[in-house]
Amino acid sequence: AINSLSQTLGGSFSRVQFTPDLLPSDVIGTQIYNMKDHAFETKQGPIFSNFVLADEINRAPAKVQSALLEAMQERQVTIGEESYPLPKPFLVMATQNPVEQEGTYPLPEAQVDRFLLKVVIGYPTKNEEQQIIRANLSPSGMPKPKAVVKPKDIVQARQLVKEIYLDEKIERYIVDLVFATREPGQYGMGHLTQLINFGASPRASIGLGVASKAHAFLNHRGF
């Protein structure tokens with residue numbers, strides 16, 4: 001699904017299979033000594049793409065997760081003494097394997113906090129499963145997605161999303177939602193206190209605001 005999405009958005013795509021032996025340099029890149037020039041040169045890693053798939057992200061330890069923090073927040077990567085900007089647009093999409101717990105690590109809170117949305121995908125319906133069989137066994141093969149936009153179109157659309165009007169009532173509603181995760185007792189949900197380890201961060205407030213503006217934009221609304 002993520003690969004198909006990247007193809008329809010017309011950007012560069014890279015997939016990183018997260019494993020317990022993965023190193024940060026396998027994701028962001030490293031410096032290599034060039035014996036011919038007697039100098040170090042930078043070899044950029046797969047993170048330098050418009051769309052990066054971190055497959056089974058919970059299979060890698062925290063040191064690898066930390067390599068993604070700067071990229072997802074500052075949209076840049078530091079290798080050695082140099083910082084390199086990432087291409088625009090830049091988006092990290094990840095999958096988590098909920099079935100096997102052997103060789104998996106809990107994601108650091110700082111890592112989870114940098115993802116805008118989490119989508120839980122269950123089993124398909126009977127009709128969907130039938131369509132999956134039909135598509136995979138078709139003599140013509142799987143449909144090939146075509147690019148419908150260019151990366152520059154997405155960058156322009158992001159700027160338009162920022163101009164969507166967000167009323168103060170919605171801002172207060174977002175703040176109430178976030179504070180309810182921090183102090184559920186004050187919102188009549190004291191029975192949930194033991195189920196919440198950490199309340200949502202200010203990034204969650206920003207994320208809800210951005211997502212609501214984008215939702216309005218997709219529905220052709222300016223507010």
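Residue positions are counted from 1 within each chain, in the order its sequence is given. A pLDDT threshold of at least 70 governs which residues receive local features in this predicted model, and a stricter bar of 80 or more applies before side-chain atom pairs are shown or counted, although totals over entire chains, interfaces and linings include all residues. Based on all heavy atoms of the structure, the side-chain values leave hydrogens and waters out of the count.

> With reference to specific residues and values, describe the overall build of the protein chain.
For helices the rule is a DSSP run of H or I covering at least 4 residues; for strands it is a run of E covering at least 2, with both sets numbered from the N terminus onward. Helices and strands together make up the secondary structure of the protein chain, namely eight helices and seven strands. For the protein chain, the spread of C-alpha atoms along the three principal axes comes to 70 × 50 × 45 Å. Should any heavy atoms of two residues lie within 4.5 Å, those residues are counted as being in contact. When contacts within the protein chain are restricted to residue pairs at least 6 apart in sequence, long-range pairs at least 24 apart make up 70% of them. Each accessible area is a Shrake-Rupley result for a 1.4 Å probe, and residues are judged covered by the shown protein chains and nothing else. As presented, the protein chain carries roughly 15500 Å² of accessible surface, and 58% of it is formed by carbon and sulfur atoms. One way to put it: in the protein chain the 23 positive side-chain charges average out to a point 8 Å from where the 23 negative ones average out. Note that His is not counted, nor are the chain ends; the positive residues are Lys and Arg, and the negative ones are Asp and Glu. A single reference atom marks each charge: NZ on Lys, CZ on Arg, CG on Asp, CD on Glu.

> Can you lay out the pattern of salt bridges for me, pointing to particular residues and giving the numbers?
The salt bridge definition used is simple: a Lys or Arg side-chain nitrogen within 4 Å of an Asp or Glu carboxyl oxygen. According to the stated counting rule, one finds four salt bridges in the structure shown. Of the charged contacts, one joins Asp55 and Arg15 as a salt bridge, the two residues approaching to 2.7 Å between their closest N and O atoms. One end of the pair, Asp55, is in strand β4 (residues 51–55); the other, Arg15, is in strand β1 (residues 13–17), with 40 residues separating them in the sequence. Each residue is assigned to one of three classes by its accessible area relative to the maximum for its type, calculated with a 1.4 Å probe on protein chains only: buried under 20%, partly exposed between the two thresholds, exposed over 50%. Judged by relative accessible area, which is 46%, Arg15 ranks as partly exposed. Asp113 is the salt-bridge partner of Arg203, the closest N and O atoms lying 2.9 Å from each other. Highlighted residues: Arg203 in helix α8 (residues 202–218) and Asp113 in the loop between α4 (109–112) and α5 (126–136), separated in sequence by 90 residues. With a relative accessible area of 30%, Arg203 lands in the partly exposed category. Asp113 gets classed as partly exposed once you look at its relative accessible area, which sits at 25%.

> I'd like to hear about the pairing of strand β3 (residues 39–44), residue by residue, with values.
Two strands make a pair as long as DSSP finds a minimum of two bridges between them. Where strand β2 (residues 29–34) lies against β3, six bridges are found, and the strand directions are antiparallel. Note on β3: the bridge partner recorded for Tyr33 is Phe40. Hairpin connection of β2 to β3: four residues between the antiparallel strands, including His38 at a positive phi of 55°.

> Explain the nonpolar core to me, using residue names and the numbers behind them.
We define the nonpolar core as a collection of buried residues of types Ala, Val, Leu, Ile, Met, Phe, Trp, Tyr and Cys that are connected through side-chain atoms lying within 4.5 Å of one another. Judged by nonpolar contacts, the single largest core of 23 residues is most densely connected at Phe18, Val27, Ile47 and Val77. When residues of this core are traced back to their parent elements, those giving at least two are α2 (24–28), β4, α3 (62–74) and β5 (76–79). Top contributing element to this core by residue count: α3, with five residues. The contact partners of Ile47, leaving out residues within four places of it in the chain, are Val27, Ile28, Val52, Leu68, Ala71, Val77, Leu86 and Phe90. Ile2, Leu9, Phe51 and Ile154 belong to the second-largest nonpolar core, a separate cluster that totals six residues.

> Tell me about the confidence of the model for the protein chain, and name the residues and values.
For every residue, the predictor states its confidence as a pLDDT score lying anywhere from 0 to 100. Summarising the model, the protein chain shows a mean pLDDT of 89, and 99% of its residues fall at 70 or more. The least confident element of the protein chain, judged by mean pLDDT, is helix α1 (residues 2–8) at 84; the most confident is helix α7 (residues 168–182) at 96.

> Any chance you could break down the sheet that holds strand β7 (residues 91–94) for me, citing the residues and the numbers?
Across the sheet, which stays open at both edges, the three strands sit in the order β1-β4-β7 with parallel pairing between neighbours. What marks the edges here is a single partner per strand, and that holds for β1 and β7. Taken over all neighbouring pairs, the strand axes of this sheet differ in orientation by 20° on average, direction set aside. Summarising the sheet, β1 and β4 pair through five bridges and their orientation is parallel. Looking across to β4, one finds that Val16 is bridged to Ala54. Axis definition: a line fitted to C-alpha atoms, limited for helices to the stretch in contact. Angles are taken between N-to-C directions and run from 0 to 180 degrees.

> Which residues make up a nonpolar patch on the surface, and what are the values?
On the surface, Tyr33, Met35 and Phe40 cluster together to form a nonpolar patch covering roughly 390 Å² of accessible area. Relative to the helices and strands, Phe40 is located in strand β3. Here a patch means residues that are over 30% exposed by relative accessible area and free of salt bridges, tied together within 9 Å if like-charged and within 5 Å if nonpolar (Val, Leu, Ile, Met, Phe, Trp, Tyr).

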